[in-house]
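Next come the chains, spelled out residue by residue.
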Amino acid sequence: MAAGYLDILRARHAARLLTGTLVGRLPNGTAPIAIVLFTRAEGGSYALAGALAAVYGLGTAVGQPLLGRAVDLYGQPRVQLPAAVLSALGMALLAVAGFGSLPLAYGAVALAGVATPPLEGGLRALWPSVLGGEDRVHRAYAMDAVAQEVMFTVGPLLVTLLVSLWSPAAALLVINAIGVLGALSVVLSEPSRTWRSAPREAHWLGALRSPGLLVLLGSFFFVGLALGSITVAGVAYADDRGQESVYGWLMAALGLGALIGGVVYGARQWSGPPERRLRVIVALLALGYLPLTLTPGVVAMTVLAGVAGVFLAPAIACSFIVVDRHAPRGTVTEAFSWLVTTFGVGAAAGTAVAGPAVELGGTAWSFAVAGAGGVAALLVLLATGKVLAAPGRSAVAVRGSENDRNGAVEPGFSSGHQA
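Since the model is a prediction, treat every value here as computed from it, not as a measurement. (Residues numbered from 1 in each chain as written. Predicted model: local features only at pLDDT ≥ 70, side-chain atom pairs only at ≥ 80, totals over all residues. Heavy atoms only, no water.)

**Side note on the overall build of the chain**
Using the following cut-off: Secondary structure elements follow DSSP: runs of H or I of four or more residues count as helices, runs of E of two or more count as strands, with numbering from the N terminus. To sort residues, take the accessible area from a 1.4 Å probe on protein chains only and compare it with the maximum for the residue type: under 20% means buried, over 50% means exposed, and anything in between is partly exposed.
Check the secondary structure of the chain and you find 18 helices and 0 strands. In the chain, which comprises 419 residues, the share counted as buried stands at 58%.

Given below as structure tokens:
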């Protein structure tokens with residue numbers, strides 16, 4: 001099992017790119033809990049915390065596809081690093097200014113969201129040129145998903161640690177400074193500096209002209225909604241128990257479950273269409289969310305959170321393959337960024353709904369939002385099976401993605417790195 005992952009990490013640049021992307025995405029991965037804790041520490045309500053997190057998520061939704069398209073057109077360094085700096089400045093403004101002016105607070109959060117660099121989509125665009133073979137690329141997608149779960153496991157614990165040692169404002173500043181360093185590490189690497197997308201057909205819809213991609217985005221909106229609601233529901237559950245640390249353990253269990261699921265999923269080769277496999281995985285994911293509404297004692301709830309997370313990383317890894325099969329040519333970073341965007345919009349909707357749900361019906365209602373999100377994600381895939389089963393283009397080529405000029409030779413273009 002470990003041999004396959006070690007083979008990938010031994011590839012030149014692979015470990016640096018994975019680590020840099022992971023660190024660079026830390027601000028985005030921890031933003032919901034950091035915003036909630038900062039708002040509560042400043043005396044704000046759950047509704048305000050949910051609204052701010054929703055604005056951040058919507059800002060990310062607007063910025064990711066636009067920045068992803070810019071990466072496809074102009075390359076990674078010209079877009080990723082400036083965006084990371086602007087996003088960090090937005091969060092710094094929130095930490096320093098607080099809620100003396102609500103419009104300023106909302107504006108700072110919106111800036112941080114819009115400027116979030118598309119590091120996630122950028123990494124998946126780089127894997128084919130760094131690794132080559134299709135099996136290695138697919139295993140890298142699984143490893144990528146597992147690594148994200150490490151971040152989602154460690155991230156909340158890091159935020160709560162910084163809050164306990166200093167303050168929620170300090171946590172915002174430190175996390176975002178670390179994120180800029182991660183982005184810097186990525187854009188200074190040779191694969192990032194030399195990568196260019198393949199030629200693309202001019203179309204105002206870009207990647208969104210693929211029906212299969214639209215179906216996938218519709219499903220993962222609801223997966224994002226489920227996870228976003230759990231962010232708020234977990235804080236409410238911890239408040240009910242009178243222990244702030246409980247939230248960190250719940251999120252860590254959720255991430256640990258996803259990590260285990262992702263490692264097992266990526267360790268074997270799968271046969272059959274990934275679209276069919278994705279439906280099964282999402283069904284199991286939805287089934288894992290429903291028991292959270294029982295809100296039992298801390299130990300039992302932590303176990304349920306771990307079980308609920310088992311199929312998250314496999315669902316994400318499988319979705320990467322489906323995106324690559326359905327993305328129109330020359331739109332790989334944009335297509336992956338749309339997946340991040342949809343996930344972010346769903347998470348924003350989840351936090352916005354879960355906040356009032358806590359105040360209206362208690363913690364169980366907010367966890368019920370997660371269960372409903374998982375079921376809705378499955379229904380989208382079931383209702384649109386024929387559309388998703390017909391990829392708009394072929395799957396990843398043996399030597400690299402069709403969207404990657406570094407890995408595929410096109411008429412009129414030479415192979416190799418191009419500035």
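What follows picks up the thread again.
**As for the packing of aromatic side chains**
Defined as follows: Only the six-membered ring of Trp is used, alongside the rings of Phe and Tyr, when aromatic pairs are assigned; centres must lie within 6.5 Å, and planes under 30 degrees apart are stacked while those over 60 apart are edge-to-face, with the rest tilted.
The final tally for this structure, using the stated rule, is 7 aromatic pairs. Taking the centre distance of 6.1 Å and the plane angle of 65° together, the rings of tyrosine 141 and phenylalanine 336 count as edge-to-face. Taken together, the positions of tyrosine 141 in helix H8 (residues 134-165) and phenylalanine 336 in helix H16 (residues 332-361) put the pair 195 residues apart, joining distant regions of the chain. Overall, the relative accessible area of 1% leaves tyrosine 141 in the buried class. Classification of phenylalanine 336 by relative accessible area gives buried; the value is 0%. Each ring, one from tyrosine 265 and one from tryptophan 270, has its centre 5.2 Å from the other, and the planes form 25°; the classification is stacked. Residue tyrosine 265 is classed as buried on the basis of its relative accessible area of 7%.

**Let's talk about the side chain of serine 366**
Note the following rule: Only heavy atoms matter for contacts: two residues are in contact if any of them lie within 4.5 Å across the pair.
On the secondary structure map, serine 366 appears in helix H17 (residues 363-383). Judged by relative accessible area, which is 0%, serine 366 ranks as buried. Apart from the residues within four sequence positions on either side, serine 366 is in contact with Ser229, Ala233, Ala354, Ala357 and Val358.

**Observations concerning the environment of alanine 105**
Mapping alanine 105 onto the fold places it in helix H6 (residues 102-114). When the C-alpha positions of alanine 105 and glycine 90 are compared, they lie 9.2 Å apart, and in sequence the two are 15 residues distant. Setting aside residues no more than four positions away along its own chain, alanine 105 makes contact with Leu52, Leu94, Gly98 and Phe99.

**Some thoughts on the environment of asparagine 176**
On the secondary structure map, asparagine 176 appears in helix H9 (residues 168-187). Residue asparagine 176 is classed as buried on the basis of its relative accessible area, which comes to 7%. With residues near it in sequence (within four places) discarded, asparagine 176 still touches Pro27, Ser87, Ala88 and Met91.

**Points about the pattern of salt bridges**
As a reminder of what qualifies: By definition, a salt bridge exists where a carboxyl oxygen of Asp or Glu is found within 4 Å of a side-chain nitrogen of Lys or Arg.
The full count for this structure, using the stated rule, is 8 salt bridges. We note a salt bridge from arginine 12 to glutamate 190, for which the minimum N-O separation is 3.6 Å. Here glutamate 190 lies in helix H10 (residues 190-194) and arginine 12 lies in the loop between helix H1 (2-9) and helix H2 (14-24), a separation of 178 residues in the sequence. Judged by its relative accessible area of 61%, arginine 12 is exposed.

**Focus on unusual backbone geometry**
The phi dihedral of histidine 13 is positive, around 80°, even though this residue is not glycine. By the element assignment, histidine 13 lies in the loop between H1 and H2. Residue histidine 13 is classed as partly exposed on the basis of its relative accessible area of 24%. Phi at threonine 295 is positive, roughly 40°, even though this residue is not glycine.

**Let's talk about the side chain of threonine 60**
Tracing the backbone shows threonine 60 in helix H4 (residues 46-74). Judged by relative accessible area, threonine 60 falls into the buried class, the value being 3%.

**Some remarks on a nonpolar patch on the surface**
Keep this limit in mind: To count toward a patch, a residue needs a relative accessible area over 30% and no salt bridge; like charges are then connected within 9 Å, while nonpolar side chains (Val, Leu, Ile, Met, Phe, Trp, Tyr) are connected within 5 Å. Reported accessibility uses the Shrake-Rupley method at a 1.4 Å probe radius. Residues are deemed covered only where the shown protein chains occlude them.
A cluster of nonpolar side chains, Val280, Leu284, Leu287, Leu290, Val375, Leu379 and Leu382, forms an exposed patch at the surface whose accessible area comes to about 610 Å². Elements represented by at least two residues in the nonpolar patch include exactly helix H13 (274-289) and H17. Along the chain, the position of leucine 290 falls in the loop between H13 and helix H14 (298-309). What makes leucine 290 partly exposed here is its relative accessible area of 38%.

**A few points about the packing of helix H11 (residues 211-241) against helix H12 (residues 245-266)**
Definition in use: Structural elements are reduced to axes, namely lines fitted to C-alpha atoms, with helices fitted over the stretch in contact, and the angle between N-to-C directions of any two is expressed from 0 to 180 degrees. Take the far helix as your reference; a near helix turned counterclockwise from it by less than a right angle gives a left-handed crossing, and one turned clockwise gives a right-handed crossing. Residue type decides the class: Asp, Glu, Lys and Arg count as charged, Ala, Val, Leu, Ile, Met, Phe, Trp, Tyr, Cys and Pro as nonpolar, and the leftover types, Gly among them, as polar.
As a packed pair, H11 and H12 sit with axes 8 Å apart at the nearest point and diverge in direction by 145°. Considering the relative orientation of H11 and H12, their crossing is right-handed. Contacts between H11 and H12 involve Leu227, Ile230, Thr231, Gly234, Val235, Tyr237 and Ala238 from the first element and Val246, Tyr247, Leu250, Met251 and Leu254 from the second. Grouping the amino acids of the contact of H11 with H12 by side-chain chemistry returns 10 nonpolar, 2 polar and no charged.

**Observations concerning H9**
Here is the rule we go by: Given the number of residues in a helix, its expected span is that number minus one, multiplied by 1.5 Å.
Between its first and last C-alpha, H9 extends 29 Å over 20 residues, near the 28 Å set by a 1.5 Å rise per residue. By the burial criterion, the buried members of H9 are Pro168, Ala169, Ala170, Ala171, Leu172, Ile175, Asn176, Gly179, Gly182, Ala183, Val186 and Val187.

**Observations regarding the packing of H11 against H17**
Applicable threshold: Note on angle classes: values under 35 degrees are labelled roughly parallel, values over 145 roughly antiparallel, values of 65 to 115 roughly perpendicular, and the remainder oblique.
Where H11 meets H17, the closest approach of the two axes is 8 Å, and the angle between their N-to-C directions is 165°. Taken together, the axis directions place H11 and H17 in an arrangement best described as roughly antiparallel. In this structure, H11 meets H17 at a crossing whose hand is left-handed. In the contact of H11 with H17, the residues fall into 16 nonpolar, 8 polar and 1 charged.

**Notes on the confidence of the model for the chain**
Just so we agree on the cut-off: A residue's pLDDT is the predictor's confidence in that residue, given on a scale from 0 to 100.
Summing up the model confidence of the chain, the mean pLDDT is 84 and the portion of residues at 70 or higher is 89%. Confidence over residues 394-419 falls short of pLDDT 50; this stretch has 65 contacts with residues more than four positions distant or in other chains.

**Regarding the environment of isoleucine 178**
With respect to the element layout, isoleucine 178 can be found in helix H9. Once you skip the residues sitting within four places of it in the chain, isoleucine 178 turns out to touch Val23 and Leu26.

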